[in-house]
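Chain by chain, the residues run as shown.
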Amino acid sequence: MSSRARSRPPHRVGVVVFDGVKLLDVAGPSEVFSEANRIGTDYRLTLCSVGGRQVASSTGLRIPVDADASSAGLGFDTLLVMGGDALPTRPIDPALRDAVGDLAARSGRVCSICTGAFILAAAGLLDGRRATTHWRHTQLLRRAYPGIAVEPDAIFVRDGRTFTSAGVTAGIDLALALLEDDHGEDTARQVAQSLVVFLQRPGGQSQFSPTLLGPRPHTSELRTVFDAVAADPAADHSVPVLAALASLSPRHLTRLFREELGTTPAKYVDAVRFDGAKAALEAGRSVGEAAELAGYGSAETLRRAFVSHLGVSPRTYQQRFRSAQRPDAARGR
């Protein structure tokens, strides 16, 4: 840690909790900042709830609280709004919504972990912005708040000073990204290695493999298509070819994809190929080999796909993956 970092003023982090808050949403990012403090940063975490009352987490463990989230004048350099299983299923408590809105106005970065995005949305903090949340609830977030550009397959999304992350452990990815913004990649890497986690899944990386998007399709024809694409991503998977394989017209196949999966055949094939290319790079294949195996045709085509999806090149992605797999990190040293 540089002397410049040590000379910085404390970085105040507000952590908003409530009854039913997901315990890992709180613990994961908090541990990132706590671990960073071991190597010279100065993050000061303050847990807040409406009324300043201790809360019961999702596991039943009670969490003591430092401050009343509704206190006038309270503000932070970074505000973290945590998630909870009940948030997507019922209206957001008006007192919690208003407290978060007021805190956001007096804070620097404003972030949500997992379903905490529903609190930010209820407070109007995501209007006109790009955002994400746990993959199970992205469609609900989109329907409930049509003014939000929901990115359903991102680990985390940065839009100006507003950050939203996907489910549970994605809060760790977001915290590492914030740490890197504040103190650089070396500090974030040290923390990731200490916690034995990936440094760091780029924000745009898929929340999950496209072949694991949920239950297999109900329609047997679509299951046939799924199996064919998964078995050989590099094959010709144009809509006419897939339609012939399923004994359907191209129009019928496209309609089934939209009705059952909310996507198109071409987008699904692209997602599988991209996932395959990432897996090949993670296995140590060259960029050219990954492109060929996944069906991209050329290294340049794969490079454009990576920049479009993740904002980084295949080589940079591979280097980041390898940095998280160094022997000392794997042994937990």
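Everything here concerns the structure above.
Presented here is an overview of the structure given in this document.

Criteria and thresholds
- Residues numbered from 1 in each chain as written.
- Predicted model: local features only at pLDDT ≥ 70, side-chain atom pairs only at ≥ 80, totals over all residues.
- Heavy atoms only, no water.
- Phe/Tyr/Trp six-rings, centres within 6.5 Å; stacked < 30°, edge-to-face > 60°.
- Helix = DSSP H or I, 4+ residues; strand = E, 2+ residues; numbered from the N terminus.
- Buried < 20%, exposed > 50% of the residue type's maximum accessible area, 1.4 Å probe, protein only.
- Salt bridge = Lys/Arg side-chain N within 4 Å of Asp/Glu carboxyl O.
- Expected span 1.5 Å × (residues − 1).
- Arc of directions from axis to C-beta.
- Contact = heavy atoms within 4.5 Å.

1. Notes on the packing of aromatic side chains
- Going through the model one piece at a time under the given rule, you end up with 6 aromatic pairs.
- Ring centres 4.7 Å apart and planes at 45° place the aromatic pair Phe33 and Tyr43 in the tilted group. Of the two residues, Phe33 sits in helix H2 (residues 23-38) while Tyr43 sits in strand S2 (residues 43-49), which places them 10 residues apart along the sequence. Of the two residues, Phe33 and Tyr43, both sit in the buried class.
- Relative to Tyr317, the ring of Phe306 lies with its centre 5.5 Å away and its plane at 65°, an arrangement referred to as edge-to-face. A residue pair is termed long-range when its members are at least 10 positions apart, and Phe306 in helix H13 (residues 299-310) and Tyr317 in helix H14 (residues 314-323) qualify at 11 residues. Here the two residues Phe306 and Tyr317 agree in accessibility, since each one is buried.
- Feature note: the residues Phe226, Phe257 and Tyr268 constitute an aromatic cluster, connected by ring pairs.

2. Focus on the pattern of salt bridges
- In total, this model carries 14 salt bridges according to the counting rule given.
- Linking Asp77 and Arg12 is a salt bridge whose minimum nitrogen-to-oxygen distance equals 3.3 Å. Placement of Asp77 in the loop between strand S5 (67-68) and strand S6 (78-81) and of Arg12 in strand S1 (residues 11-16) is noted, with a sequence separation of 65 residues between them.
- Judged by its relative accessible area of 26%, Asp77 is partly exposed.

3. Side note on helix H3 (residues 94-105)
- If you check H3, its first and last C-alpha atoms are 17 Å apart, about what 12 residues at 1.5 Å a residue would give, namely 16 Å.
- Taken residue by residue, H3 has Leu96, Ala99, Val100, Leu103 and Ala104 as its buried positions. Within H3, the buried residues cover an arc of 130° as seen down the axis, which keeps them to one side.
- Those residues of H3 that are buried lie in contact with S1, S6, strand S7 (109-112) and helix H4 (117-122).

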